[in-house]
Amino acid sequence: MIKYIVRRLVLLVPILFGLSLLVFVYVRSLPGGPEIALLGERATEQSSEAIRKDLGLDQPLPVQYGRYLKNLASGNFGSSIITRQPVMDELKQRFPATVELGITAILIALILGIPLGFLAAKRYQGFLDHASLGASLIGISFPIFFLALILKWIFAVKLGWLPSFGRIDATIDLPHPTNFYLLDAIIDTNWKAFVDVLKHLILPAIALATIPLAIIARITRAAVLEVTNEDYVRTARAKGLDPSVVDRRHVMKNAMLPVVTVIGLQTGLILTGAVLTETVFAWPGVGSWMLNAIRNADYAVLQGGILFFALITIFSSLLVDISYAFLNPRIRYQ
Amino acid sequence: MALLSVRDLEVRFSTRKATVHAVNQIGFDLESGESLGIVGESGCGKSVSALAMLGILPKAGRVTGGSVEFGGVDLLKLPDQKLRQIRGKDIAMIFQDPMTSLNPVLTIGRQLTETLEKHLDMDKDVAKKEAAELLERVGIPRAADRLGDYPHQFSGGMRQRVMIAMAISCKPKLLIADEPTTALDVTIQAQILEVLKNLTAEEHMALILITHDLGVVAGVCERTNVMYAGKFVETAPTAKLFSKPRHPYTLGLLKSVPRLDAARKERLEPIAGLPRDLRTLPPGCSFAPRCLYATDRSRAETPELHTIDSDDHLVACWNPVPDADIPERHSLEDPGAS
Amino acid sequence: MSILEAEALELEIEHPSGLWRDAFDRLRRNPGAIIGAVIVALFLFLAVFASVAAPFGQNERVTAPTSTPDGPSSEHRFGVDKQGRDYLSRIIFGARLSLLVGIVSVAVGLSLGLLFGAMAGYFGGWLDTAIMRVMDILLAFPGFLLAIGLVTALGPGLWQIMLAVGITNVPQFARVLRSSVIAQRESDYVLAARSLGARGRRLLLRHVLPNSLAPVIVQATLAMATAIIDVAGLSYVGLGPNDPSLPEWGKMLADSAARLETGTHLVLFPGFAIVLSVLGLNLIGDGLREALDPRLKS
């Protein structure tokens, strides 16, 4: 098992290098180049020259790449041209917001999607099966920002049940040691704040969860249908085990394997969705931050955001491979 | 009173297009400790009969008639919860393919102990010890060390031993083995049959051995039923069936078994034609279209089982094979080609 | 990559003959696929005959510009927009644009993906490793974010956007085709063709490619749906085509998104146009996937 994890980690090295190179080339290929980006419209011949020297852009490219790698390794992502803050500092505040939203969405998708898929498979070709298949297909066909807009319009604007933007009511005073607001509220044992944070989370998390929910339900259904016809399930039934034990121990344990793989693929979807959902709900996370960076040509922030998203995707796929190996003895014992 | 008494068992499968008459009113008795072979081509309904008796038919299948009395109780009338207390405990089953019949994500130990915990109320530690002893009995070396292993770490023959260990774990009164050796190498087949034979004898278990291979029943079963198109066409003590096959289909099966002692010039004779399509059941003998002995009556009227030669030999045929057509060479001395 | 695409990746095609006819038969019996086909046919019709089907021109002013445009009425069934243009006509002309976006971006992804995937799968060795590593790195970026990055670099024109969305499809198509080609390469009939002296390019074009197509077709249908959603998303985040006269659904929706209260119809109609067209494609893709999956044959 440990050998397997180490091997996976070693395989990551070339990908990370390729990734850093790609981002390096990418940021340098953006229209105008970094100096224009940093100086904006006010760039003059001399100031450009000074900036270029300052940033080391007059050095040969390999030297620049080396410096850039060194900076990345030490967590130095440069500074935002708008706020003048180091990108890393801002990232530390914004990334918990995106992660909190993303994890809530994934949890909603799992908690609803797995039982729904399971029930649909049990009622194969029945009403629930057809209804959930149809609903999931419709769910997949919704652009996430459109869904978010509709949710916001109905539940925040029209009905006024839930707040329509932000992470917490401005009148609530809550210290932020972790920047995961739910955690912060628990640490502070401030239950009023906890409920308020939860209320702010509900709409964006539901919008973000819809597509992964549909996907997880579909995959669970397909996996349960397939596993139910396996010989070892017949063996389990022949043993006289209770149906609930057969389902739990024999069907679900095997059906979870493809589901775990698919959960891994969701990370990308969640991050993509986060960019759009955060925009709709003015959620102060990495997604909306990056979009602002694009509008403002704030390339240091953009670079930081891209790297952050890519790293999250890579590491969550690593995590999925490891948990897959954990669930599947055939891989674990290779 | 017989241990198991099956009467007029009938199983149908409904597909979108048609209804398949998989098992058509079969019946037999089985005493405790007795061993019975059920022989027939694939698709003739032998496995389905077994699954129906245990109440674990696939979704499309359903029992449409008959009774399965086990120890005086009709299993087909039992609520599922009661049936589950018998399944795995008093009646256990071994399946054809040991590669797919064990759960790949559970350890062998867990798959053994779950039956013990369910039926014998053992706690975890006791069940584990018992599981190790069971593995030992079916001939798995270093049994205690292997409880934590997963199925993929065992060979095919070893997996089938594990399946047997699972099946006998609650000392069932009846063991049903469905093609237990078909998926295995020839040398392993003989070993597995040996294990089955010894265990059933030691524990005084009744055995139903389902197979397409007459060689397999020859050495193991006291009686043999030959099944064709969802019906028994001949039933006799195994020795008699081999020496005096009366149904043309039985004769055909015997002629198609390869033998090492057969003279070179003798050729294997396959049975001509294809198994019956079970979606329609016209009157007449199901085997008639493939039968050399078929008469006009065979094609018009369905034959029922009736005694022939002696009280324990029954055949469903209007025109049974005459003595003159029975080759000499079929005897019990050389079971199978192993 | 959407889930449907992920599922499509699992398609393995083993039996070249009879597959297409069987698949068509099963497709015809699938009510979902029929509904999808009807929806897509409707949009195709509107796209092709937009100038006839639409009551007004796409940029024709029918009322004076206003900040509180009228909703649906008997004269303007979908209402008018702030520039005083008939909204139904703009939605209909938008179908043409969405169709274009779907076809061009899938064509880009398909042609590059097929090229790389077939090369990697057929020649194997270091070329395979190199190509697939690059694809892995591209896959590390969620597709839509990659599109955002590419549009930022390429500039916000309609063609650049279609190119960007197309490029995000390349890794998926490359993967599908690669695994398909590898499976085909080792299959008996290709070995047979090789033993008869067919080799190289001819073998690839005549034998391997045609039989690898089924999963690619499914993937293409679903990728088209994703492309429409992605382009709408780009418009929503302000990276859409910068020409305000273009009736792009995502852009029309985005322009009014902040004013759901006063201009509900301005958001809902283009939104549901997107949902419906994407749903149609997904239904077809899903039906195709099921129809072409040999494991479901029974």
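Residues numbered from 1 in each chain as written. Chains lettered and ligands numbered in written order. Predicted model: local features only at pLDDT ≥ 70, side-chain atom pairs only at ≥ 80, totals over all residues.

Engineer: Just give me the short version of the overall build of chain A, but keep the residues and values in it.
Structural biologist: From N to C terminus, chain A includes 14 helices and zero strands. Going from N to C terminus, chain A has its helices and strands arranged as α-α-α-α-α-α-α-α-α-α-α-α-α-α. Counting all 334 residues of chain A, 41% fall into the buried class. The long-range share in chain A, meaning contacts at least 24 apart out of those at least 6 apart in sequence, stands at 69%. (Helix = DSSP H or I, 4+ residues; strand = E, 2+ residues; numbered from the N terminus. Buried ≥ 20, exposed ≤ 12 C-beta atoms within 10 Å, placed from the backbone. Contact = placed C-beta atoms within 7 Å.)

Engineer: Give a detailed account of the pairing of strand 8 (residues 206–211) of chain B, specifying residues and quantitative values.
Structural biologist: Residues and elements named next belong to chain B. The element strand 8 is extensively covered by neighbouring structure, given that six of its six residues are classed as buried. Here five bridges tie strand 3 (residues 35–39) to strand 8, and the two strands are oriented parallel to one another. Within the sheet, the bridge partner assigned to V39 lies in strand 8 and is T211. Between strand 7 (residues 174–178) and its parallel partner strand 8, the chain crosses via helix 7 (residues 186–203), and the hand of that crossover is right-handed. (Pairing = 2+ DSSP bridges. Right-handed = clockwise from strand over helix to strand, strands pointing away.)

Engineer: Outline the interface of chain B and chain A, listing residues and values.
Structural biologist: Chain B puts 23 residues into the contact, and the matching count from chain A is 19 residues. Sorting the residues of the side of chain B that touches chain A by element identifies helix 2 (80–86) and helix 3 (108–120) of chain B as the ones contributing at least two each. If you tally residues by element for the side of chain B that touches chain A, the top one is helix 3 of chain B, at four residues. Here the side of chain B that touches chain A is composed, by residue class, of eight nonpolar, nine polar and six charged. (Nonpolar A, V, L, I, M, F, W, Y, C, P; charged D, E, K, R; others polar.)

Engineer: Which residues make up the domain arrangement of chain A, and what are the values?
Structural biologist: All names here are of chain A. Each assigned domain of chain A is listed here: domain 1 (2–73) and domain 2 (87–327). Placing a centre on the C-alpha atoms of domain 1 and another on those of domain 2 gives a separation of 32 Å. Taken together, the contact between domain 1 and domain 2 spans 11 residues of the former and 11 residues of the latter. Elements supplying a minimum of two residues to the side of domain 1 that touches domain 2: helix 1 (2–29) and helix 2 (33–39). Among the elements that take part in the side of domain 1 that touches domain 2, helix 1 stands out by supplying eight residues, more than any other. (Domains from an automatic or database assignment.)

Engineer: With reference to specific residues and values, describe the interface of chain C and chain A.
Structural biologist: At the junction of the two partners, chain C supplies 38 residues and chain A supplies 39 residues. Of all the secondary-structure elements, those providing two or more residues to the side of chain C that touches chain A are helix 1 (3–9), helix 6 (125–139), helix 7 (143–154), helix 10 (200–236) and helix 12 (264–292) of chain C. The dominant element in the side of chain C that touches chain A, judged by the number of residues it contributes, is helix 12 of chain C, at nine residues. Looking at the side of chain C that touches chain A, its residues break down into 25 nonpolar, nine polar and four charged.

Engineer: I'd like a rundown of the packing of helix 3 (residues 31–48) of chain C against helix 5 (residues 87–123) of chain C, residues and numbers included.
Structural biologist: Residue and element names in this part refer to chain C. Put simply, helix 3 and helix 5 touch, their axes get as near as 7 Å, and they point 105° apart. Classified by the interaxial angle, the pair formed by helix 3 and helix 5 is roughly perpendicular. Contact with helix 3, carried on its side by F43, L44, L46 and A47, involves I92, A95, R96 and L99 of helix 5 and no other residues of that element. Here the contact of helix 3 with helix 5 is built from residues that sort into seven nonpolar, no polar and one charged. (Axes fitted to C-alpha atoms, helices over the stretch in contact; angles between N-to-C directions. Parallel < 35°, antiparallel > 145°, perpendicular 65-115°, else oblique.)

Engineer: Can you tell me about unusual backbone geometry, naming the residues and giving the values?
Structural biologist: All names here are of chain B. Its identity is not glycine, yet D8 carries a phi of approximately 50°, on the positive side. Under the C-beta neighbour-count criterion, D8 is labelled exposed, with 11 such atoms within 10 Å. Although it is not a glycine, K171 adopts a positive phi angle of roughly 50°. Mapped onto the secondary structure, K171 falls in the loop between helix 6 (156–168) and strand 7. Judged by the 14 C-beta atoms lying within 10 Å of it, K171 falls in the partly exposed class.

Engineer: Account for the pairing of strand 10 (residues 231–237) of chain B, naming residues and giving values.
Structural biologist: Residues and elements named next belong to chain B. When you tally the buried positions in strand 10, you get six out of seven residues, the bulk of the element. As defined by bridge partners, strand 9 (residues 223–228) adjoins strand 10 across six bridges and the pair is classed as antiparallel. In the sheet register, M227 faces strand 10, and the bridge partner there is F232. The hairpin turn running from strand 9 into strand 10, its antiparallel successor, is two residues long, and A229 in that turn takes a positive phi close to 50°. As judged from the two bridges shared by strand 10 and strand 12 (residues 310–315), these two strands associate in the antiparallel manner. What sits directly across from T235, in strand 12, is L314.

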